[in-house]
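This is what each chain is made of:
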Amino acid sequence: MISAIDAGNYQTKFYDGKQMRSFPSLIGEYRDRNLRQQHGDYDFDWQYGGQRGFAGTLAMYESECADSRKGETKAHPDARLRVLLALHRFAEGTEHQIIVGQPISTHQETEKAAIKEMLCGRHELTVNGQRKLIVIRRCEVAAEGVAAGLLVPGGGIIRIIDVGSGTVNFGTLIDRRFNDRGSFTLGTGMETLRSVQPSDFARQIALRALAGGWLGTDKVFICGGGAEVILESLRAYFPGVLMIEGDASFANVKAFYLIARKVYG
Ligand SMILES: Nc1ncnc2c1ncn2[C@@H]1O[C@H](COP(=O)(O)OP(=O)(O)OP(=O)(O)O)[C@@H](O)[C@H]1O
Ligand SMILES: [Mg+2]
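Note that the coordinates shown come from a computational prediction; the quantities given were computed from them, not determined experimentally.

Some words on the overall build of the protein chain
Within the protein chain, the secondary structure is distributed over 6 helices and 15 strands. The C-alpha radius of gyration computed for the protein chain amounts to 18 Å, which stays within 12% of the reference 18 Å derived for 265 residues, consistent with globular compactness. Seen along its three principal axes, the alpha-carbon backbone of the protein chain occupies a region of about 55 × 45 × 30 Å. Looking at the 265 residues of the protein chain, the share that counts as buried comes to 51%. Carbon and sulfur atoms make up 46% of the accessible area of the protein chain, which amounts to about 12,300 Å² in all.

Observations concerning the sheet that holds strand S5 (residues 43-48)
Strand order in the open sheet made by the 9 strands is S3-S2-S1-S7-S9-S8-S5-S6-S4, with mixed pairing throughout. Two strands close off the open sheet at either side, each with one partner strand: strand S3 (20-24) and strand S4 (27-29). Direction aside, neighbouring strands of the sheet carry axes that sit 35 degrees apart on average. Sheet analysis places S5 next to strand S6 (residues 51-55), joined by 5 bridges and oriented antiparallel. Pairing of Asp45 across the sheet is with Phe54, part of S6. Strands in contact with helix H2 (residues 77-90) are strand S1 (2-7), strand S2 (11-15), S3, S4, S5, S6, strand S7 (95-102), strand S8 (121-127) and strand S9 (130-143); relative to S8, the strand with the most contacts, it is inclined by about 75 degrees. Across the face of the sheet, helix H6 (residues 251-264) comes into contact with S1, S2, S3, S7 and S9 while running at roughly 145 degrees to S1.

Regarding the packing of helix H4 (residues 198-211) against helix H5 (residues 227-234)
Their axes nearest at 8 Å, the elements H4 and H5 cross at an angle of 75 degrees. With respect to each other, H4 and H5 are oriented roughly perpendicular. Contacts between H4 and H5 involve Pro198, Ser199, Phe201, Ala202, Ile205 and Ala206 from the first element and Val229, Ile230, Ser233 and Leu234 from the second. Of the residues that constitute the contact of H4 with H5, the class distribution is 8 nonpolar, 2 polar and no charged.

Let's talk about the side chain of Asp45
With respect to the helices, strands and loops of the structure, Asp45 is situated in strand S5. Of the residues examined, Asp45 reaches a relative accessible area of 8% and is grouped as buried. Among the polar contacts made by the side chain of Asp45, one reaches the side chain of Arg52 at a distance of 2.9 Å. Discounting chain neighbours no more than four positions away, the residues touching Asp45 are Tyr30, Arg52, Gly53, Phe54, Leu58, Thr126, Val127 and Asn128.

Side note on the nonpolar core
Counting 30 residues, the largest nonpolar core has Leu85, Leu87, Ile98, Val100, Leu119 and Leu125 as the members making the most contacts within it. Contributing elements (two or more residues each) for this core: S1, S5, H2, S7, helix H3 (109-119), S8 and S9. With 8 residues, the single largest contributor to this core is H2. Each residue touching Leu119, except ones within four places of it in the same chain, is listed here: Arg80, Val83, Ile98, Val100, Ile136 and Cys139. Formed by 21 residues, the second largest nonpolar core is a distinct cluster that contains Ile205, Val220, Ala227 and Leu234.

Some points on the pairing of S1
Regular strands place side chains that alternate from one sheet face to the opposite one. When you tally the buried positions in S1, you get 6 out of 6 residues, the bulk of the element. The side-chain alternation of S1 yields two buried faces, one formed by Ile2, Ala4 and Asp6 and the other by Ser3, Ile5 and Ala7. Strand direction decides the pairing type here: S1 and S7, joined by 4 bridges, are parallel. Bridging across to S7, Ile2 finds its partner in Gln97. Relative to S2, S1 runs antiparallel, the two being bridged by 4 bridges. Across the sheet, Asp6 pairs through a bridge with Lys13, a residue of S2.

Side note on H5
For H5, the complete set of buried residues consists of Ala227, Ile230, Leu231 and Leu234. In an axial view of H5, the angular spread of the buried residues amounts to 125 degrees, which keeps them on one side of the axis. Seen from the buried face of H5, the exposed residues on the opposite side, beyond 90 degrees, are Glu228 and Glu232. For H5, the secondary structure elements touched by its buried residues are strand S10 (157-163), H4, strand S14 (219-223) and strand S15 (242-243).

Re the site of ligand 1
Near ligand 1 you find 17 residues, and of these Asn9, Tyr10, Gly166, Glu191 and Gly225 are the closest. Contact distances for ligand 1 include 2.9 Å between an oxygen atom and a side-chain N or O atom of Lys74. Here an oxygen atom of ligand 1 and a backbone polar atom of Gly166 are 2.8 Å apart. In the complex, the protein chains occlude 75% of the 650 Å² of accessible area that ligand 1 would expose alone.

Definitions and limits used
Residues numbered from 1 in each chain as written. Chains lettered and ligands numbered in written order. Predicted model: local features only at pLDDT ≥ 70, side-chain atom pairs only at ≥ 80, totals over all residues. Heavy atoms only, no water. Helix = DSSP H or I, 4+ residues; strand = E, 2+ residues; numbered from the N terminus. Rg over C-alpha atoms; globule rule 2.2 N^0.38 Å. Buried < 20%, exposed > 50% of the residue type's maximum accessible area, 1.4 Å probe, protein only. Areas by Shrake-Rupley, 256 points an atom, 1.4 Å probe, with all protein chains shown as cover. Pairing = 2+ DSSP bridges. Axes fitted to C-alpha atoms, helices over the stretch in contact; angles between N-to-C directions. Contact = heavy atoms within 4.5 Å. Parallel < 35°, antiparallel > 145°, perpendicular 65-115°, else oblique. Nonpolar A, V, L, I, M, F, W, Y, C, P; charged D, E, K, R; others polar. Polar contact = N/O pair within 3.5 Å; in protein donor to acceptor, adjacent residues only side chain to side chain. Core = buried A, V, L, I, M, F, W, Y, C linked by side-chain atoms within 4.5 Å. Arc of directions from axis to C-beta. Near = heavy atom within 4 Å.

Structure follows, in structure tokens:
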């Protein structure tokens, strides 16, 4: 099966061409519980590699130390667990060919190799007592933000701002090809900022883009879970800024799936 997984710092998004799904990326410790209330659709009591813990809505309500590891790289065990949980819960079959994401700033060969290395191969994951063998046959790593530019039709210069929970990705496509010089990452996002007004964050985002060579008159599209909140304030700097079509949170994973179809077709 071919699927795309955007293991975000806030929500893990999954798309296989049919179902578009997501769950909270929180991971927390296991606790023995006297009360076994169901908290949500994504209550995960998991066992993997000799460890046990809670994830998703179960971690949110019942772990005392639930958190999601945020940062500019996704080459870490928490991100692996998010990907495996998505496959366990949403994907059909045992064998998988997947595309996952990585922020632009760490989208380098060594980091990508580390992600492929930790994901490819056989994994045994038990969720809520259900043991599954998950075999990842192939894995490729796409760049967050800039990939979403593939959803915008037409050529010329297309700019993408992907406002996530832990990062903001800035992507540039020139005639539908990824442009490295115009693509970069800001290491703060909607969750890492405390008590900041959207207009202040929009200003920081815009100044970073302008410092990176973007022009106020460029064709700029915004996506990610923070897009709606930031959009209006961004207009002061980029008057023509538009929301990417469709659900902004799922833009990356939709684009990853387009890439998956091309690579694994
Ligand atoms: N309806 C909404 N209203 C306001 N904020 C929202 C809404 N939905 C999501 N968010 C915000 O968007 C952020 C999540 O966006 P998104 O799912 O794009 O992040 P992510 O991909 O998980 O993170 P990252 O890209 O940093 O890995 C959260 O921080 C949340 O605060
Ligand atoms: Mg994201």
